[in-house]
Amino acid sequence: MAKLSAKGGYNLFLGVTLSTIISAIGTILVVRLLDPSQYGLYSIALISPALISLFRDWGTNSAMIKFLAQYRSENKKAEMKTILAAGILFESVLGILLTLTCYLLAGFLATNIFHRPEMKNLIEIASVTILAGSFLTVSQSAFIGFERMEFNSLTMILQSSLKTLIAPTFVLLGYEALGVVIGYTVAFLAVGILGIAMLYRIFYKKAQETYDNKPKLSETIKIMLRYGLPLSASAILGGFLVQFYNFMMAVYCSDLMIGNYQAAVNFAVIITFFTTPIATTLFPAFSKLNPKNEVETLRTVFQFSVKYATFLTIPVTAAIMTLSEPLVSAIFGQKYTLAPLFLTLYAISYLYPAVGSLSLGNFLNGQGKTEVTMKLTLLNVTVGLPLSLALIPTFGILGLITTTLVSGIPALATGLWWVKKHYSITVDWLSSAKICLSSGIAATITYVITSQLNFQNWIQLIAGGTIFLTAYLAATSLTGAITRADINNLKEMLSDLEPLSNLFNLPLKVCDKILSIKT
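Residues numbered from 1 in each chain as written. Predicted model: local features only at pLDDT ≥ 70, side-chain atom pairs only at ≥ 80, totals over all residues. Heavy atoms only, no water.

> Looking at this structure, how should I read the pattern of salt bridges?
The tally for this structure, following the rule as stated, stands at eight salt bridges. Linking Glu-91 and Arg-56 is a salt bridge whose minimum nitrogen-to-oxygen distance equals 3.2 Å. Here Glu-91, found in helix H5 (residues 77-113), pairs with Arg-56, found in the loop between helix H3 (47-53) and helix H4 (60-74); they are 35 residues apart in sequence, far enough to count as distant. Classification of Glu-91 by relative accessible area gives buried; the value is 0%. (Salt bridge = Lys/Arg side-chain N within 4 Å of Asp/Glu carboxyl O. Helix = DSSP H or I, 4+ residues; strand = E, 2+ residues; numbered from the N terminus. Buried < 20%, exposed > 50% of the residue type's maximum accessible area, 1.4 Å probe, protein only.)

Here is the structure:
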């Protein structure tokens, strides 16, 4: 299971990395061509379609992943094809209805909500992304359920490439924020249509057409909704909270501040190179495990998922926080003076995998406990709403970041308590603490050295990254954050990734050598 997840995670890692790099190139071009106010306007224009999109899914995409993975392990081919048909139908119908709703409300939203009448046409164009999202979501959910992560990566790369080609071109033609919205929308729609076509030809069309006990489409939709509606409520509540934060930001913060914040958020996606593949592969992995017959395996998978997610994500986050200033200056220049501070603070949220934030939701959803996920989301909203009303009007972007960091902690703590109570499963706290300590040591060493350097931003960034990696590998070995058992596990998990497994094994060999010297 670990080797399969590692292979899928590797394919996703490539997809996320390449698509993000391509998107970053487009973003850099757009940010350098636009002033911060225009970039802030583009960011605000996407708020309404994103908020309305929350009402499109009803949890069917998660249900597709869950049941496709489960039925594949049980060899229930009839059920798999019906799940595909039900997901495509449901997502497409709702996508069309909600796209029309957003388009018709564009004028009202621009004038009465955002107090920027000139945004009407931006919101109208961006409304098409709701339907595009329906196509792309249902196809990517199927790819994940079949554990064909390479197709998921392909759609991400194509979307990024199209956006990077189209958006800067329209900006150069003088369309400013409108050009970026056009590029984003066209890329989204084109890849969404392609995703549906791939899903139909590769999976749906090639499946057997007749079965003795083929499930009815209506019954399958009911099964998916029973599973997915609590997740839909969670997505709507959680998504509403995020968009409410954005709304408060748009009302109480200047376009200049919003532009700096958005620039910082763009850099934080570097961390998703690691978090997205891990989280995506864990969902089908947990879906295939039976808690009655595989208790020990379930416990082991949970603890290992937290440990190895922590081993990858925490140092990356710590490095970005430490090198935020040369990172922003090297890419975006000197215009975004507040972005390094915002990036350092915003990245703190990516330290939470050390206490199980990536594994918890996937564990609950994979085991069918979607009602628990809904209750945890409700708790998050209950804390987040009053906190945002208190902090954002007073402290602006700093209040927004603080709200984001604090609001999810009670729900995370409650979820971990619930899992321990009902499954006797918990995080390996000592291991997480050692990894965090190692990252902290590496960050401190890196900051002390780089702060004394007076190099150009690019050179300082490369030097800082090299120092951090060296210090982190040494610290993890000396503190016991990684053991020889972990090294052997990781080498086995990565063994199917030839020829790149040798590259991935290089830092593991360094750790092994340090452990040999230590003992």
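Structure's up, so let's keep going.
> Explanation requested: a nonpolar patch on the surface in the structure shown.
On the surface, Leu-437, Ile-441, Ile-445, Tyr-447, Val-448 and Ile-449 cluster together into a nonpolar patch covering about 520 Å² of accessible area. Within the secondary structure layout, Ile-441 lies in helix H19 (residues 429-450). (Patch = residues over 30% accessible without salt bridge, like charges linked within 9 Å, V, L, I, M, F, W, Y side chains within 5 Å. Areas by Shrake-Rupley, 256 points an atom, 1.4 Å probe, with all protein chains shown as cover.)

> Explain the side chain of Thr-322 to me, please; I cannot follow it from the model alone.
Positionally, Thr-322 belongs in helix H12 (residues 295-322). Overall, Thr-322 belongs to the buried group, its relative accessible area being 17%. Other than its neighbours up to four places away in sequence, Thr-322 contacts Ala-443, Thr-446 and Tyr-447. (Contact = heavy atoms within 4.5 Å.)

> How do you make sense of empty space enclosed by the protein when you look at a structure like this?
By rolling a water-sized probe across the atoms, one finds the places where empty space is left. In this structure the tally under the stated criterion is one cavity of 30 Å³ or more. In this model, the largest cavity occupies a volume close to 40 Å³. As for the largest cavity, its lining consists of Lys-307, Tyr-308, Phe-311, Ile-435, Ala-481, Ile-482, Asp-486 and Leu-490. Secondary structure elements with two or more residues in the lining of the largest cavity: H12 and helix H21 (484-493). Of the residues forming the lining of the largest cavity, the biggest block, three residues, is contributed by H12. (1 Å grid on protein atoms, 1.4 Å probe; cavity = no way out; pocket = protein on both sides within 12 Å on 5 of 7 lines; lining within 4 Å. Points joined across faces, edges and corners; volume = space filled by probe spheres on them.)

> Would you explain the packing of aromatic side chains in this entry?
Within a pair of aromatic rings, the relevant descriptors are the distance that separates the centres and the angle that separates the planes. Under the defined criterion, the tally for this structure stands at 17 aromatic pairs. A centroid spacing of 5.5 Å and a plane angle of 70 degrees characterise the contact between Phe-67 and Tyr-227, whose relative ring orientation is edge-to-face. Taken together, the residues span a long stretch of sequence, with Phe-67 in helix H4 and Tyr-227 in helix H9 (residues 217-252) at a distance of 160 residues. On the accessibility criterion, Phe-67 (9% relative accessible area) is buried. Looking at Tyr-227, the relative accessible area reads 7%, which means it is buried. Cluster of aromatic residues (ring-pair linked, three or more members): Phe-302, Phe-363, Trp-418 and Tyr-423. (Phe/Tyr/Trp six-rings, centres within 6.5 Å; stacked < 30°, edge-to-face > 60°.)

> Help me understand the side chain of Arg-116 in this model?
For Arg-116, the position within the fold is in the loop between H5 and helix H6 (120-126). A distance of 3.0 Å separates the side chain of Arg-116 from the side chain of Asp-255, its partner in a polar contact. Apart from the residues within four sequence positions on either side, Arg-116 is in contact with Leu-41, Ile-44, Ala-110, Ala-250 and Asp-255. (Polar contact = N/O pair within 3.5 Å; in protein donor to acceptor, adjacent residues only side chain to side chain.)

> Got a minute to help me understand unusual backbone geometry in this structure?
Negative phi values dominate among residues other than glycine, just as trans dominates among peptide bonds. In the Ramachandran plot, His-115 falls in the positive-phi region, its phi being about 55 degrees despite a non-glycine side chain. For His-115, the location among the structural elements is in the loop between H5 and H6. One non-glycine residue, Glu-176, adopts positive backbone phi at about 50 degrees. When you line up the elements, Glu-176 lands in helix H8 (residues 149-204). Accessibility expressed as a relative area gives 40% for Glu-176, which makes it partly exposed.

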